[in-house]
Amino acid sequence: MEFIMLLLVLLVVVIALVASRFIDNSNPFQVQRKASLFSPVTLLLRFIGKSSAK
């Protein structure tokens, strides 16, 4: 009886592994991240420059 239960658990694991191979996890829209217009350092320097001008 234990042998049959072990075989069933093994069968479920094998089925799960095979099913995971068929699942497509890629991005369907192929959106690429654009480069920032200003780097964080540039934004910080601009902010410091504007706040010290006041």
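To be clear, the structure that these remarks concern was listed above.
Keep in mind that this is a model prediction, so the values were computed, not measured.

Parameters and conventions
Residues numbered from 1 in each chain as written. Predicted model: local features only at pLDDT ≥ 70, side-chain atom pairs only at ≥ 80, totals over all residues. Heavy atoms only, no water. Helix = DSSP H or I, 4+ residues; strand = E, 2+ residues; numbered from the N terminus. Buried < 20%, exposed > 50% of the residue type's maximum accessible area, 1.4 Å probe, protein only. Areas by Shrake-Rupley, 256 points an atom, 1.4 Å probe, with all protein chains shown as cover. Patch = residues over 30% accessible without salt bridge, like charges linked within 9 Å, V, L, I, M, F, W, Y side chains within 5 Å. Salt bridge = Lys/Arg side-chain N within 4 Å of Asp/Glu carboxyl O. Expected span 1.5 Å × (residues − 1).

Participant: Whenever I open this one, the overall build of the protein confuses me. Can you help?
Facilitator: Along the protein, the regular secondary structure elements total two helices and zero strands. Here the protein holds 54 residues, and 0% of them are scored as buried. Total accessible area on the protein is roughly 5900 Å²; 71% of this is exposed by carbon and sulfur atoms.

Participant: Before we go on, may I ask you to explain a nonpolar patch on the surface in this structure?
Facilitator: The grouping of F3, L7, L10, V14, V18 and F22 at the surface amounts to a nonpolar patch, some 640 Å² of accessible area in total. Mapped onto the fold, L10 is located in helix 1 (residues 2-22).

Participant: Can you help me understand helix 1 in this one?
Facilitator: Between its terminal C-alpha atoms helix 1 stretches 31 Å, which fits the 30 Å expected from 21 residues at 1.5 Å a residue. Of all 21 residues that make up helix 1, zero are buried, and the element is exposed over most of its length.

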